[in-house]
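Below, each chain spelled out in residue letters.
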Amino acid sequence: MTFLDFEEPIEQLFEKRSKLVEMQTQGDLNLDDKIAELDKLIEEKKENLYANLTPWQRVQLSRHPERPYTLYYIHHIFEDFIELHGDRKAGDDKAIVGGIANLDGQSVVVIGQQKGVNTKMRQYRNFGMANPQGYRKALRLMKLAEKFNKPIVTFIDTPGAFPGIEAEELGQAEAIARNLFEMTKLRVPVISIIIGEGASGGAIGIGVSDKTLMLENTWFTVISPESCSSILWRSWDYKEVAAEQLKLTANDMHKMKIVDTIIKEPLGGAHHNPEEMAKTLKRSIKRNLTLLNELSPEERIEKRIAKYAAIGTFEERKVQ
Amino acid sequence: MSNWFKRITTGIRTSPQEKKEMPEGLWFKCPSCKATIAQVEHRENLQVCSSCGFHERVGPKAYFELFFDENSRPKLLFDNLYPVDSLEFVDLKSYTDRIKEAEEKSEAAEAMEVATGKMGGIKVVVAAMNFSYIGGSMGAVVGEKIARSVDYCIENKCPLIIISKSGGARMMESGISLMQMIKTSAKLTQLADAQIPYVSLLTDPTTGGVTASFSMLGDINIAEPKALIGFAGPRVIMETMNLKELPEGFQRSEYLMEHGFLDFIAERKDLKEKIVKALKLLKI
C-alpha cells in the first residue's frame, strides 16, 4: 500500500507488522499474539489519525493512487456493463467512460471520468481531464437514457476539464455549458457521485443532478487548491491554506447545500476497502433512485431547477 | 507690471522627456497600435480606436447608453443586491476587504448591472458585466441577477441580452460560485421554454466559468472584434501543454467564429442595429 506523508505513523506500524509476519514464517516463533496486539494498535492509530483530517489531507486522500476509480465502481455495483464509445461528432474521449448496465434488474446509464491505474494508463486517460468530445459523448448517452426512460448515474473524478489547444478549438466551454443546460432538462432521474476530485467546470459538466452524493474523503469546488494558491497567493506554497479557505470538503459542501448526502468511507479511505465502499455506494444509489422514481419527470425538473436556483448568499438591501 | 512679462508657470519650459507624458484623461493611447487620440474623439467613437479598430473595454453604463433608445428612460433592476463573504474567505486580503475595494475602484455594487428599457422600440433587459469589479467574476450576486433577469423577462415577455466580460467564477465564493454556472444555465432553460430570445454578447475578455455557462448559451452568440474568449486562460494552456507561445489569433472572436461558436462579430457601433434587427426577425 502507498502511504501519504501524514500517514507515516501508520506506515511504521505496518512495516513492523510485516517484519513480524516474515519472522514468523522464517522461524519457529509463534508471534500471533504480538501481531494481534499490533493490529489493535494500528486500528486505534487509524481511528485517531482519520478522525481529524485537515481539508488538504482529504485532498491528498482523494488523489490516492490506489483509490477506486469509476470503472471499478461500475464493475462492482452494476452487472452486464456495455461500454459505449464516441460523441458522433469528433472522437472518443478516453477520460470519460460510459455505457448501459444493470442495477439489480433496472437498466441504468452510467457515465464517469476515468483516471488511469498506472503510468501508461494515466496518460491514456489524460489524467481524467476530459476534452469536449468527452462531454459530448456524456450528453449523447444521457439523451439515450432519456429516450429509453432509464435513470442516469454519473461518477465525478477529475482535476478539471483539459486546458489544451484542441479543447479550445472544439469548444470546451460550449460543451460544458451545453451539458449544464441539457442536464437540467433531462426527464429521467440523475444521480451524481463525487468519488475523488471534483474540480470546477470539468466536474459539473457531468454533475447536474437530482441528488449529488459525495464520498467523505473527496473535494469539490471551483478551483484546485494548488491553482488557487498560485493565483491568489501568487505562489504554489499555500495549497494547504487554500484548501482550508475554499471550504471544499464534503462537510462544507453539505452545509452549503451543494451536495445532498455524504457517503462514509472505510477507515483510512475508499482504497482501504474498495469492496465495502462499492457496497455502501450501491445501497445509496438504490435508495435515492427509489425516492426519485416516485416523482414525475416534471416534478423532478422543477425541483432540480429550484435546488440550484436557491444556491447563493447575498445581501438584499431595502430599495429606497 | 513687470510681472506680466515673466513666466509664471513653467509649462512651456518643460523638458522633452516630460512632454511625452500626456496629461491623464485628455488623450487615449491605443494599446494595440500605439496611436494617440484625443479622448473627446475616442469617446465619440465609442472607445474604439479610430486608427486600428481596437475595442477598449467599457463598463455596463457605456453599453446601456449605447443600447437604450434616447427617449427611453432605462430602469435599473436588482441593483439592491450586494455580495456577502459567507465563507469568510481570506487569502492575501480578506474577501470582505476586496469587496470594499472593488466597490470603491469600480464605483459599482457588483460585477453585473441590469437595466430594462426600449432598444429600437423593443422592451429588453440588458445585463452587463463590469470587469473592473474583481475581474468581472461571477459569484452569488451575478448568478442571482441573471436568475431574476430571466424571471423578469418571462413575466414581461421581453428578450434578454447578456453582455459578458469576465475572468470566470469568483474563487472567493468557492463552491457557491461554481454552482452559479449551473444556476444560470438552469434558469436559461426556463427562458428557452418560454420561447423568449436570449442574445449573448461576448466582449473582451470572456473566460472560464462564465464562458462555460450562460455566455455560450445564446440563441444568438455575438462578439466584439478580437475579444479574448475561451475556457482556459492562455497562460494555463501554455503551462499545461509546455508551449512558449500560442497560435496567432488563438481564442479571439474571429477564431471562435471560424470554429463555429459565434453567429457573427460586430463592431461596437453596429451592435445595436444588428441586435435589434435580429430580435425583430425572431418576433415576426
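Residues numbered from 1 in each chain as written. Chains lettered and ligands numbered in written order. Predicted model: local features only at pLDDT ≥ 70, side-chain atom pairs only at ≥ 80, totals over all residues. Heavy atoms only, no water.

A tally of regular secondary structure across chain A gives 14 helices and nine strands. At 21 Å, chain A has a C-alpha radius of gyration in line with the 20 Å of a compact globule built from 320 residues. Reported as C-alpha extents along the three principal axes, the dimensions of chain A are approximately 75 × 55 × 40 Å. Taking all 320 residues of chain A together, 55% fall into the buried category. Expressed as a percentage of contacts within chain A between residues at least 6 apart in sequence, the contacts between residues at least 24 apart total 70%. Carbon together with sulfur atoms contributes 50% to the accessible area of chain A, which is approximately 14400 Å² in total. Computed over 44 positive and 47 negative side-chain charges, the separation of the two mean positions in chain A equals 6 Å. (Helix = DSSP H or I, 4+ residues; strand = E, 2+ residues; numbered from the N terminus. Rg over C-alpha atoms; globule rule 2.2 N^0.38 Å. Buried < 20%, exposed > 50% of the residue type's maximum accessible area, 1.4 Å probe, protein only. Contact = heavy atoms within 4.5 Å. Areas by Shrake-Rupley, 256 points an atom, 1.4 Å probe, with all protein chains shown as cover. Lys, Arg positive; Asp, Glu negative; His and termini not counted. Charge placed at Lys NZ, Arg CZ, Asp CG, Glu CD.)

What follows is about the interface of chain A and chain B. In this complex, chain A contributes 51 residues to the contact, which on the side of chain B involves 58 residues. Each partner contributes to the roughly 4800 Å² buried at the junction of chain A and chain B, and carbon and sulfur atoms together form 73% of this total. Between R148 of chain B and E316 of chain A there is a salt bridge, with its nearest N and O atoms 2.8 Å apart. Between the two partners, chain A and chain B, sit 16 residue pairs in polar contact (both at pLDDT 80 or more). Contributions of two or more residues to the side of chain A that touches chain B are made by α7 (165-169), α8 (172-184), α9 (200-204), β7 (219-221), α10 (225-232), α11 (239-246), α14 (297-309) and β9 (314-316) of chain A. Here the side of chain A that touches chain B takes nine residues from α8 of chain A, the largest share from any one element. Across three bridges, the pairing between β9 of chain A and strand β4 (residues 81-83) of chain B is antiparallel. (Buried area = accessible area lost by both parts, 1.4 Å probe. Salt bridge = Lys/Arg side-chain N within 4 Å of Asp/Glu carboxyl O. Polar contact = N/O pair within 3.5 Å; in protein donor to acceptor, adjacent residues only side chain to side chain. Pairing = 2+ DSSP bridges.)

Attention now moves to the domain arrangement of chain B. All names here are of chain B. Taken domain by domain, chain B holds domain 1 (1-56) and domain 2 (57-283). Of note, the centres of domain 1 and domain 2, computed from C-alpha atoms alone, are 33 Å apart. At the interface, five residues of domain 1 touch eight residues of domain 2. Between domain 1 and domain 2, roughly 620 Å² of surface is buried when both sides are summed, and carbon and sulfur atoms account for 57% of that area. Of all residues in domain 1, L46, H55 and E56 give up the largest surface area on contact with domain 2, accounting jointly for 83% of the area buried on that side. The tally of links from domain 1 across to domain 2 stands at zero salt bridges. Joining domain 1 to domain 2, the criterion identifies five residue pairs in polar contact (both at pLDDT 80 or more). Looking at side-chain class alone, the side of domain 1 that touches domain 2 contains two nonpolar, two polar and one charged residues. (Domains from an automatic or database assignment. Nonpolar A, V, L, I, M, F, W, Y, C, P; charged D, E, K, R; others polar.)

Before going further, it helps to spend a moment on the side chain of E265 of chain A. Residue position: E265 of chain A is located in the loop between β8 (261-263) and α13 (274-293). A polar side-chain atom of E265 of chain A sits 2.8 Å from the main-chain amide nitrogen of N217 of chain A.

So, on to the confidence of the model for chain B. Residue and element names in this part refer to chain B. Mean pLDDT over chain B: 93, with 91% of residues reaching 70 or higher. Under a pLDDT of 50 for its full length, residues 16-20 has, in the predicted model, one contact with residues more than four places off or in other chains. Among the scores for the predicted complex, ipTM is 0.96 and pTM is 0.94. (pLDDT = per-residue confidence, 0-100.)

Residue and element names in this part refer to chain B. Geometrically, the link from D204 to P205 is a cis peptide bond, its omega value of -10° lying close to zero. Examined against the element boundaries, P205 turns out to sit in strand β8 (residues 198-206). At E107, a position not held by glycine, the phi torsion is positive, near 55°. Among the secondary structure elements, E107 is positioned in the loop between α4 (95-106) and β5 (112-119). By relative accessible area, which is 72% here, E107 ends up exposed. Unlike most non-glycine residues, Q251 shows phi in positive territory, near 65°. Among the secondary structure elements, Q251 is positioned in the loop between α8 (234-241) and α9 (253-258).

The next thing to look at is the sheet that holds strand β9 (residues 220-223) of chain B. Across the sheet, seven strands lie side by side as β3-β5-β6-β7-β8-β9-β10 (chain B); this open sheet has mixed pairing. Looking at which strands have only one partner, the edges of the open sheet turn out to be β3 (75-77) and β10 (264-265) of chain B.

The next thing to look at is the environment of L77 of chain B. Residue and element names in this part refer to chain B. Among the structural elements, L77 can be located in strand β3. Along the chain, L77 and M257 lie 180 residues apart, while their C-alpha atoms are 32 Å from each other. Excluding anything up to four places from it in sequence, L77 contacts V114, A115, T116, V125 and Y152.

Bringing the pairing of strand β6 (residues 211-215) of chain A into the picture now. Residues and elements named next belong to chain A. With four of five residues buried, β6 lies mostly within the body of the structure. Pairing geometry for strand β5 (residues 190-199) and β6, over four bridges, is parallel. Considered in β6, the bridge of I194 is made with M214. For β6 and β8, the ladder comprises three bridges, and the chain directions are parallel.

Along helix α3 (residues 55-62) of chain A, eight of the eight residues are buried, which leaves the element largely enclosed by surrounding structure. P55, W56, Q57, R58, V59, Q60, L61 and S62 of chain A are the residues of α3 of chain A that are buried.

When you line up the elements, A127 of chain B lands in strand β6 (residues 122-129). Here the alpha-carbon distance between A127 of chain B and T116 of chain B, two residues 11 residues apart in the chain, equals 8.7 Å.

Once that is clear, we can look at helix α2 (residues 32-51) of chain A. Residues and elements named next belong to chain A. Here α2 contains 20 residues, and its C-alpha end-to-end distance of 28 Å stays within 8% of the 28 Å for a straight helix at 1.5 Å per residue. Those residues of α2 lying buried are I35, L38, I42, K46 and Y50. All buried residues of α2 lie within an arc of 85° about the axis, which places them on one face of the element. When the buried face of α2 is taken as reference, the exposed residues oriented beyond 90 degrees from it are D33, E37, K40, N48 and A51. The inward-facing, buried residues of α2 abut α1 (8-26) and α3. (Expected span 1.5 Å × (residues − 1). Arc of directions from axis to C-beta.)

Our focus in this paragraph is the domain arrangement of chain A. Residues and elements named next belong to chain A. On domain assignment, one finds that chain A holds domain 1 (5-52) and domain 2 (59-309). Taking the mean C-alpha position of each, domain 1 and domain 2 sit 36 Å from one another. With seven residues of domain 1 at the contact, the number on the domain 2 side is five residues. The contact between domain 1 and domain 2 buries some 570 Å² in all, and 64% of this surface belongs to carbon and sulfur atoms. When the buried surface of domain 1 facing domain 2 is broken down by residue, F6, K46 and Y50 rank first, second and third, together holding 62% of it. Counting every contact that joins domain 1 to domain 2 gives zero salt bridges. Applying the counting criterion to the domain 1 and domain 2 interface returns two residue pairs in polar contact (both at pLDDT 80 or more).

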